[in-house]
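Residues per chain are reported as follows:
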Amino acid sequence: MAAVAESPAAAAAAEDREPQREAVPGLESQRRQIENGENGRGPPLRAGESWFLVERHWYKQWEVHVQGGGQDPSTFPGCINNAELFEDQVNWRLKKGLVEGEDYVLLPAAAWHYLVSWYGLEHGQPPIERKVVELSSIQKVEVYPVELLLIQHSDMDTAHTAQFNRTDSIGFQEDLECGPSPSTDLVLRTAQEQFLVSPQEETRLWIKNAEGSFERLCNTRVTVLDAALQTGQVVIMETRNKDGTWPSAQLPAMSSASEEDEDFQGQPGICGLTNLGNTCFMNSALQCLSNVPQLTNYFLKNRYLEELNFCNPLGMKGEIAEAYADLVKQAWSGHHRSIVPHVFKTKVGHFASQFLGYQQHDSQELLSFLLDGLHEDLNRVKKKEYVELCDAAGRPDQEVAREAWQNHRRRNDSVIVDTFHGLFKSTVVCPDCGNVSVTFDPFCYLSVPLPVTHKRVMEVFFVSMDPRRKPEQHRLVVPKRGKISDLCVALAKHTGVSPERMMVADVFSHRFYKIYQLEESLSSILDRDDIFIYEVSGRAAIGENSREDVVLPIYLRERTPARDYNNSYYGLMLFGHPLLVSVPRDRLSWDALYHILLYRLSRYVTRPSSDDEDDGDEKDLEDKDNLPKPGHVAGGSSQDPGPEQAGPSSGVAGGSRAPVDNSPGPSHWPQRARRKHLFTLQTVNSNGTSDRSTFNEDTHGVSFSSQPYIAIDWEPEMKKRYYDEVEAEGYVKHDCVGYVLKKAPVRLQECIELFTTTETLEKENPWYCPNCKQHQLATKKLDLWMLPETLIIHLKRFSYTKFSREKLDTLVEFPIRDLDFSKFVIKPQNESAPELYKYDLIAVSNHYGGLRDGHYTTFACNKDSGQWHYFDDNSVSPVTENQIESKAAYVLFYQRQDVARRLQPQPSLSDPPASPACGTPANFEFMDIN
């Protein structure tokens, strides 16, 4: 019960409601009717009944009057007068601290009306009506109801006082299982009546808390008591604007609409979404979902308000549903060119931490979360009962399927289930005992695989032992699950070099990131890796007189002044491409190695002439050990080669052609003096850093304790004179580089067939056989039993394994109209209704780019105009149907044809003929998406 306390008209209205004066019965009869009759003070309290307060002195005077038989005229009580119970006679508020029996007595409604009809009510005084409420299972009359200050958002300075019982409902009256049954008086309805707002307009309430901030009253199906509203609390009502926004969201920081003309009027639904920073995945999913007709109509017609589920522990307290509803109403208001989905993004991040921040995500993953969130927020089942899943156990499929679907609906009943949920048949067969398990499971979308080619194209650079030949770029076709040896075999067909004379390495930042062994898997090589394959000398069988070569990794470094405070030392910086050089074991010496390397570099390193040698530094003649040994770099110290660091390296130790630990070290290589050296040699670690831990220095020379890497160190002046950087970086392209592995397009029906193909479960996901009492790698087959009104098909373009990740850019040919599922649905079909198995396309989520980066867009068919549009964040353009099919198609939305006809509005006789659903109207300028 709500009463606007400040209105003096309440008293007059009360008088109008009073029954007509009737013949006054005898005093004894009065006493019996008031004290002991059926409608007297005797009956017990019942929740929802009205009781009235009567001032105690007047009631005692009446008792004396009737008990005395009216003999003493001075005992006549006169009109009922409750003046002593009120603080004032303007607002007619009750005094605080009134006590029943001392200040007032309570009378049921019938007794009150008897007394008013016999004696009347003091002119101008309102009746003091109070409701019986049930609090903690106790019935009591609520003498002091809650007084709320009602304010309209458009006029925050004017407050209206209204009284409500604690059992009054805030909003829509409904018998909910998640709370007590509210009474008929509603806070929201009272506010609408007070501010002359039509019940058809969408409104919502806010409360002002003790801190002065405002908080939404999201769940309006609770009582005043459950909402913890107290006397004196401010309640603000706001009404949704025509453009779908709320007045409270019009502040600059909270505005969800772009700056635009207030008078803009466009086609409803043709509205872009601003990219907040890598949120194109979210925009694409929202645009697809927004163009599902029956779901959008559900929100536009406010049917969601009656089904918001605030009590579902699996839901999000209705917040996701309300945030999505706000977006739909704004997008379909026709008043926006684009909107900013900031509030929705915040809500999603709040309930799904994986979408926090502004990293790139998958549109299908966001779509899956959103459908599940909307379902739980709008679930009509308030208390989910426990349902035990039952196996078929030999029963007919139709019986088992009907039972499974009924069990699913007992726990899940929402517009999402109505629109998107279908039913699988899952058949699992044990390979040992042959036990067959048949279950029927619901689904919300189909994730169908793409036929995958077993070949892979890899680009490599081949480095020949012939120094005159430039590196060659090759494009090789190899088995996707092949080994390094397969890569060498494929290259051998192009070069004529035996695979046994090849070594494969990943080069990164002028270093060897990894040198591969022949038996390693190709899946460890990513497409972005720079792979070099080096020709090395073959090695004969090991015997007494056999010749064995050592393969040395070679780095190039340049000595540069380090940025020290006094430039007192030099740094070393890696440059160029590293080499793998074969050195005969029986000819190992520093001088021989110098000449071997000078020969390998001869294509881009010029040998000094005799004049250059004569002009050489005389110190070279004076130095008896003029060829620098490892660890003795003249004029410098072993420093880190530079800021670039490579990843972990496997090195070449242990490889079939790598040097072994017991190979003769450089300490045993004889040395001879030279007059002129272009570079010096230095032992380093795999990162190219001089590492003294790999060698030990004593009076006999240097001996290695691990695999040596050799660095060629250049002085800047010598590098400038003799090293040709342009020639060093040069390479040629083999004819095979022009080869492209053609990927034949596949039909969507092929993907669906692959989805329903029998497969063997993986080791990571075995099935527990109840007969064998152990986990088995069983065979599993999925079949389609029942399809939904709107079918979402997710093309599994992203492939993830333990060793590789890739995106499949195969062109999938999908029909715009008449996608027929009749041959895929195994449930007995209705031959007279073929449209139950045919679908038309209504939206496509596209992904352009690769794994690490990309961009999402949407094609969607407007439900009102039938025109296709291309949604690219805040940009929207009309397109033709022949532009929709592309390699970027990622998630497809299909609508069943019988649903489309049911939703299609019936044209009037005066309307022009409508184009086919999702057709292409004439007279449009189209944008070329491709």
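Residues numbered from 1 in each chain as written. Predicted model: local features only at pLDDT ≥ 70, side-chain atom pairs only at ≥ 80, totals over all residues. Heavy atoms only, no water.

- In the nomenclature of an unreviewed UniProt entry, the chain corresponds to Ubiquitin carboxyl-terminal hydrolase from the organism Balaenoptera musculus.
- Looking at the chain in UniProt, the text filed under Function (unreviewed entry) is "Deubiquitinating enzyme that removes conjugated ubiquitin from specific proteins to regulate different cellular processes."
- Regarding the chain, the UniProt comment filed under Catalytic activity (unreviewed entry) reads as follows: "Thiol-dependent hydrolysis of ester, thioester, amide, peptide and isopeptide bonds formed by the C-terminal Gly of ubiquitin (a 76-residue protein attached to proteins as an intracellular targeting signal)." (UniProt positions renumbered as here; feature names shortened; annotations may be inferred.)

## A word on the packing of helix H8 (residues 319-331) against helix H10 (residues 363-377)
Point 1. The N-to-C vectors of H8 and H10 enclose an angle of 110°; their axes lie 8 Å apart at closest approach. Accordingly, the angle class assigned to the pair H8 and H10 is roughly perpendicular. Crossing geometry of H8 relative to H10 is assigned as left-handed. When H8 is examined against H10, the residues Glu319, Ile320, Ala321 and Tyr324 are found in contact with a partner set consisting of Phe369, Leu370, Gly373, Leu374 and Asp377.
Point 2. For the contact of H8 with H10, the class distribution of residues is six nonpolar, one polar and two charged. (Axes fitted to C-alpha atoms, helices over the stretch in contact; angles between N-to-C directions. Helix = DSSP H or I, 4+ residues; strand = E, 2+ residues; numbered from the N terminus. Parallel < 35°, antiparallel > 145°, perpendicular 65-115°, else oblique. Left-handed = near helix turned anticlockwise from the far one by under 90°. Contact = heavy atoms within 4.5 Å. Nonpolar A, V, L, I, M, F, W, Y, C, P; charged D, E, K, R; others polar.)

## Structural notes on the sheet that holds strand E20 (residues 531-535)
Point 1. Strand order in the open sheet formed by six strands is E19-E18-E20-E16-E17-E27, and the pairing between neighbours is mixed. Looking at the sheet topology across the chains shown, the edges are occupied by strand E19 (511-515) and strand E27 (732-733).
Point 2. Examined bridge by bridge, strand E17 (residues 472-479) and E27 share two bridges and lie parallel to one another. Across the sheet, residue Glu472 finds its bridge partner in E27, namely Val732. (Pairing = 2+ DSSP bridges.)

## Here's the deal with the nonpolar core
Point 1. Counting 52 residues, the largest nonpolar core has Leu289, Phe299, Tyr324 and Phe893 as the members making the most contacts within it.
Point 2. Sort the elements by how many residues they give to this core and H8 lands first, with eight residues.
Point 3. Apart from the residues within four sequence positions on either side, Leu289 is in contact with Leu295, Thr296, Tyr324, Leu367, Leu370, Leu371, Leu374, Phe420 and Phe893.
Point 4. Among the nonpolar cores identified, the runner-up in size contains 45 residues, and Val463, Leu556, Ile596 and Phe679 belong to it. (Core = buried A, V, L, I, M, F, W, Y, C linked by side-chain atoms within 4.5 Å. Buried < 20%, exposed > 50% of the residue type's maximum accessible area, 1.4 Å probe, protein only.)

## Here we look at helix H5 (residues 187-194)
Point 1. Listed as buried for H5 are Val187, Leu188, Thr190, Ala191 and Gln192.
Point 2. Looking one or two residues beyond H5, the residue adopting positive phi is Leu196, at roughly 55°.

## Description of the side chain of Ser363
Point 1. Among the secondary structure elements, Ser363 is positioned in helix H10.
Point 2. Every residue in contact with Ser363, bar those within four places of it in the chain, is listed here: Phe281, Ala285, Ser845, Tyr856, Tyr890 and Val891.

## Remarks on unusual backbone geometry
Point 1. Its identity as a non-glycine residue notwithstanding, Ala228 has a phi of 60°, on the positive side.
Point 2. If you trace the backbone, Ala228 turns up in the loop between strand E9 (214-216) and strand E10 (233-239).
Point 3. In this structure, Asp818 is a non-glycine residue whose phi angle is positive, near 60°.
Point 4. Inspection of the secondary structure puts Asp818 in the loop between strand E36 (812-813) and strand E37 (819-820).
Point 5. When its relative accessible area of 46% is taken as the criterion, Asp818 is described as partly exposed.

## Quick notes on the pairing of strand E26 (residues 709-714)
Point 1. Of all six residues in E26, six are buried; the element is thus mostly enclosed.
Point 2. Going residue by residue along E26, you find Tyr709, Ala711 and Asp713 tucked away on one face and Ile710, Ile712 and Trp714 tucked away on the opposite face as well.
Point 3. Pairing of strand E21 (residues 549-561) with E26, which is carried by five bridges, proceeds in the parallel orientation. Each bridged residue has a counterpart across the sheet, and for Tyr555 the counterpart in E26 is Ala711.

## Details of the pairing of strand E32 (residues 779-786)
Point 1. Direction of pairing for strand E13 (residues 422-429) relative to E32: antiparallel, over a ladder of seven bridges. Bridge assignment links Ser426 to a residue of E32, and that residue is Leu782.
Point 2. Here two bridges tie strand E29 (residues 759-760) to E32, and the two strands are oriented antiparallel to one another. In the sheet register, Thr760 faces E32, and the bridge partner there is Thr779.

## Concerning helix H9 (residues 342-351)
Point 1. Looking at H9, one finds that the buried residues are Phe344, Lys345, Val348 and Gly349. All buried residues of H9 lie within an arc of 135° about the axis, which places them on one face of the element. (Arc of directions from axis to C-beta.)

## Overview of the environment of Phe871
Point 1. You can see Phe871 is positioned in strand E40 (residues 868-872).
Point 2. Judged by relative accessible area, Phe871 falls into the buried class, the value being 2%.
Point 3. Each C-alpha atom of the pair Phe871 and Phe859 lies 6.2 Å from the other, and the pair is twelve residues apart in sequence.
Point 4. Setting aside anything within four residues of it in sequence, one finds Phe871 in contact with Gly269, Ile270, Cys271, Gln287, Asn291, Thr857, Thr858, Ala860 and Val876.

## What about the packing of aromatic side chains?
Point 1. Taken as a whole, this structure holds 31 aromatic pairs when the rule is applied.
Point 2. With a centroid separation of 5.1 Å and an interplanar angle of 5°, the aromatic rings of Phe52 and Trp112 are classed as stacked. Of the two residues, Phe52 sits in strand E2 (residues 50-55) while Trp112 sits in helix H4 (residues 109-119), which places them 60 residues apart along the sequence.
Point 3. Residues Phe508 and Tyr513 carry aromatic rings whose centres are separated by 6.3 Å and whose planes lie at 80° to one another, so their mutual orientation is edge-to-face.
Point 4. Its relative accessible area of 30% is what places Tyr513 among the partly exposed residues. (Phe/Tyr/Trp six-rings, centres within 6.5 Å; stacked < 30°, edge-to-face > 60°.)

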